[in-house]
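For reference, the chains in residue letters:
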Amino acid sequence: MKKAILLAAMAAASCTGFAQDALATHPDAIADKCKENNSVFYQFAKSENYADAYQPSYEIYTTCPEYSKNIYKYGAYILNWKIKSETDAAKQAEYVDLLMKMYDDRIKYYGNDLVMPTERILAYKAMDYINAPTPKDPLKKNAYEWLSQSLSKLGKEADPSFAQYYIWIACNLYRQDNSRVTSLIDDYNMANDILVAQISDSASTYAESAKAVKTTNDQMVAATGALSGETLDKIYGPQIDAKKNDIDYLANTLKLYESVNATESEVYFKASEYAHMIKPTEVSAAGCANMYVKKKDYSKAITFFEDAVKYATDNDKKAKYEYAMATIYASYIKNPATAREHARASLRYNPNQGDPYILIGKLYAGSHIYSDPVLSKTVYWVAVDKFNKARQVDTSCAAEANRLISRYSQYFPADNDIFMHPDLNKGASFTVGGWIGESTICR
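For every chain, the first residue of the written sequence is number 1, and numbering continues from 1 along that sequence. Selection of residues for local features in this predicted model requires a pLDDT of at least 70, selection of side-chain atom pairs for listing and counting requires 80 or more, and totals for whole chains, interfaces and linings are taken over all residues. Side-chain numbers come from the whole structure's heavy atoms, not from hydrogens or water.

Peer 1: Just to check I follow, could you spell out the side chain of Asp 137 for this structure?
Peer 2: For Asp 137, the location among the structural elements is in the loop between helix 6 (118–131) and helix 7 (141–154). Polar contacts, as used here, are pairs of N or O atoms within 3.5 Å; protein pairs need one atom able to donate a hydrogen and one able to accept it. Residues neighboring in sequence count only if both atoms are side-chain atoms. Within the structure, the side chain of Asp 137 is placed 3.0 Å from the backbone nitrogen of Lys 141, a separation counted as a polar contact. Here a residue-residue contact requires only that any non-hydrogen atoms of the pair lie within 4.5 Å. With sequence-adjacent residues up to four places away left out, Asp 137 is seen in contact with Tyr 129 and Asn 142. Numbering of helices and strands runs from the N terminus; a helix is a DSSP stretch of H or I covering at least four residues, while a strand is a stretch of E covering at least two.

Peer 1: I would appreciate a short explanation of empty space enclosed by the protein in the present structure.
Peer 2: One water molecule sets the probe size; rolling that probe over the atoms shows where empty space is left. The definitions used throughout rest on a 1 Å grid laid over the protein atoms alone, on which a cavity is an enclosed set of points accommodating a 1.4 Å probe that cannot get out and a pocket is an open set flanked by protein within 12 Å on both sides along at least five of seven lines; lining residues are those having an atom within 4 Å of a point. Grid points are joined across faces, edges and corners, and a volume is the space filled by probe spheres set on the points. For the structure shown, the criterion picks out two cavities of 30 Å³ or more. Only helix 3 (50–63) and helix 4 (70–85) provide two or more residues apiece to the lining of the largest cavity. Any residue that is not Ala, Val, Leu, Ile, Met, Phe, Trp, Tyr, Cys, Pro, Asp, Glu, Lys or Arg is counted as polar, Gly included; the first ten are nonpolar and the last four charged. Its residues assigned to classes, the lining of the largest cavity comprises five nonpolar, two polar and no charged. In this structure, the second largest cavity encloses a volume near 30 Å³. Tyr 188, Asp 218, Val 221, Ala 222, Leu 227, Ser 259 and Val 260 are the residues that line the second largest cavity.

Peer 1: How should the pairing of strand 1 (residues 429–432) be read in this particular structure?
Peer 2: Residues in a regular strand point their side chains to alternate faces of the sheet. Alternating residues of strand 1 divide into Phe 430 and Val 432, all buried, and Ser 429 and Thr 431, none buried. Alignment of strand 1 against strand 2 (residues 438–441), held across four bridges, turns out to be antiparallel. Within strand 2, the position partnered with Phe 430 by the bridge is Thr 440. A pair of strands is considered paired only if DSSP assigns at least 2 bridges between the two. Taken together, strand 1 and the strand that follows it, strand 2, pair antiparallel across an intervening segment of five residues, in which Gly 434 is found at a positive phi of about 65°. Only protein chains enter the accessibility calculation, which uses a 1.4 Å probe; a residue whose area is less than 20% of its type maximum is buried, one above 50% is exposed, and one in between is partly exposed.

Peer 1: Where do I start with the layout of surface pockets in this structure?
Peer 2: Considering only enclosed or pocket space, the largest pocket measures out at about 1100 Å³ in volume. Lining the largest pocket are 27 residues, with Val 196, Lys 255, Glu 282, Val 283 and Lys 317 positioned closest to its centre. Elements that contribute at least two residues to the lining of the largest pocket include exactly helix 9 (181–200), helix 10 (207–224), helix 12 (247–259), helix 14 (282–294) and helix 16 (315–333). Among the elements that make up the lining of the largest pocket, the one with the highest residue count is helix 12 (eight residues). Tallied by class, the residues present in the lining of the largest pocket amount to 10 nonpolar, six polar and 11 charged. When residues in the lining of the second largest pocket are grouped by element, the largest group, five residues, is from helix 16.

Peer 1: What is the right way to look at the environment of Glu 94 in this model?
Peer 2: Of note, Glu 94 is situated in helix 5 (residues 89–110). A C-alpha to C-alpha distance of 8.9 Å links Glu 94 and Ile 83, two positions 11 residues apart in sequence.

Peer 1: Please clarify how unusual backbone geometry should be interpreted in this entry.
Peer 2: Generally, phi is negative for residues other than glycine and the peptide bonds are trans, each holding for most cases. Here the phi dihedral of Lys 140 falls at roughly 60°; this positive angle occurs in a residue that is not glycine. Residue position: Lys 140 is located in the loop between helix 6 and helix 7. One non-glycine residue, Asn 261, adopts positive backbone phi at about 55°. Turning to its location among the elements, Asn 261 is positioned in the loop between helix 12 and helix 13 (266–278). The class of Asn 261 is exposed, set by a relative accessible area of 67%.

Peer 1: Explanation requested: the side chain of Thr 224 in the structure shown.
Peer 2: With respect to the secondary-structure elements, Thr 224 resides in helix 10. Polar side-chain contacts of Thr 224 include one of 3.1 Å to the backbone nitrogen of Ala 226. When neighbours within four sequence positions are excluded, Thr 224 is seen to be in contact with Cys 171, Tyr 174, Arg 175 and Leu 184.

Peer 1: I would appreciate a short explanation of the pattern of salt bridges in the present structure.
Peer 2: Criterion for a salt bridge: a side-chain nitrogen of Lys or Arg within 4 Å of a carboxyl oxygen of Asp or Glu. In the structure shown here, the tally under the stated rule is 18 salt bridges. Of the charged contacts, one joins Lys 214 and Asp 218 as a salt bridge, the two residues approaching to 3.3 Å between their closest N and O atoms. Residue Lys 214 and its partner Asp 218 are located together in helix 10, separated by four residues, close to a single helical turn. Judged by relative accessible area, which is 23%, Asp 218 ranks as partly exposed. Salt bridges sharing common partners tie together Arg 344, Lys 386 and Glu 438.

Peer 1: Help me understand the state of the cysteines, please; the structure alone is not making it clear to me.
Peer 2: Each disulfide consists of one covalent bond between the sulfur atoms belonging to two cysteines. We call a pair of cysteine sulfur atoms a disulfide when they lie within 2.5 Å. Per the counting criterion, the structure on display carries one disulfide. Note on cysteine connectivity: Cys 34 is disulfide-linked to Cys 64, with sulfurs 1.8 Å apart. Given an S-S torsion of about 75°, the disulfide between Cys 34 and Cys 64 has right-handed geometry. Taken together, the residues Cys 34 in helix 2 (residues 28–46) and Cys 64 in the loop between helix 3 and helix 4 connect sequence positions 30 residues apart. Pair check on accessibility: Cys 34 and Cys 64 agree, each one buried.

Rendered as structure tokens:
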């Protein structure tokens, strides 16, 4: 039986990170007992029988802590199970302390492991600490420090969940102490930079999960109210001129303002202009464009929106900038043909939006291309065509589209109008001329 146990221990050791020389400093009896316990514990742990795995794993850990990585890998599972199963608060606290000590010892003996280095161990330690009852540290400040170290070292190699837990704690700390607003912004910037890098890297296995975590983090920070435009102005306003040559600082500032939709701020405009002079990007171009819209310098705004389209890599963003140019040409420059060009460009980038169709419909309805009073009413047919298309592709526009359809349908040519224009008979095809140049169905 003893021989069988030792053979099983040797077999288990070959696939559990067994370090033979780790037992060299122990007496033979202790070494044999550690091997025996390793075999027993490993078989129970693999089958998730943590109740029976606990005692042999604990004996290995307290006697031969350097023996195997699996003491720590499975030890965390076992102790988390013990914590959840325990109803006595004092014993529960003992298990939490033991779990944290086990993480510290894993760093001591295996912190140089390539797969699970110290900074990654710290992150898992933090997450287990967060999920454990810690009445003496309800805000999980200890975990905040561990995650900060982990994220700063791992960078884009960090699991996105590390960034989510980190921002969750940072938000809670801010709620308790609003003077931590600068710290919260710094924490958000660090986590956000990592997530954006992962999202931008098509080869990253974290790309998809990073997108979800970024959305969650943005929502958590926004919910604190810490990142309002007013707060950001107080923090960044006094610094922006001094930092006008620091492109990283300017880029982070722009991202923060965008995250809270505070792109009408003078500080945001300044940061955009400074950043665009150093290194033109989509964000800096859009910021400058918005600034010149506010200043009513529409020709410069158009120039910067064109740059934003050029630098953008996301089609939804390109669609947004093209639509912005369409509204400028329609509302301020009063050039309906060019406005339609940009509205159509917006639809090429994102065909599932209704606003460009509504804009084109309004342009048609407001155009005067015929002197004939009957033919002049045909523009309402093509206008309503666009409103119908808007509600088909984008249900969020349905209410507005229906209102416009009801409004302009009453201006369709009447039966007595068509009597004098047989080419406008109901059901016939008709091409509205002028700059519109679109075919429709008479009705």
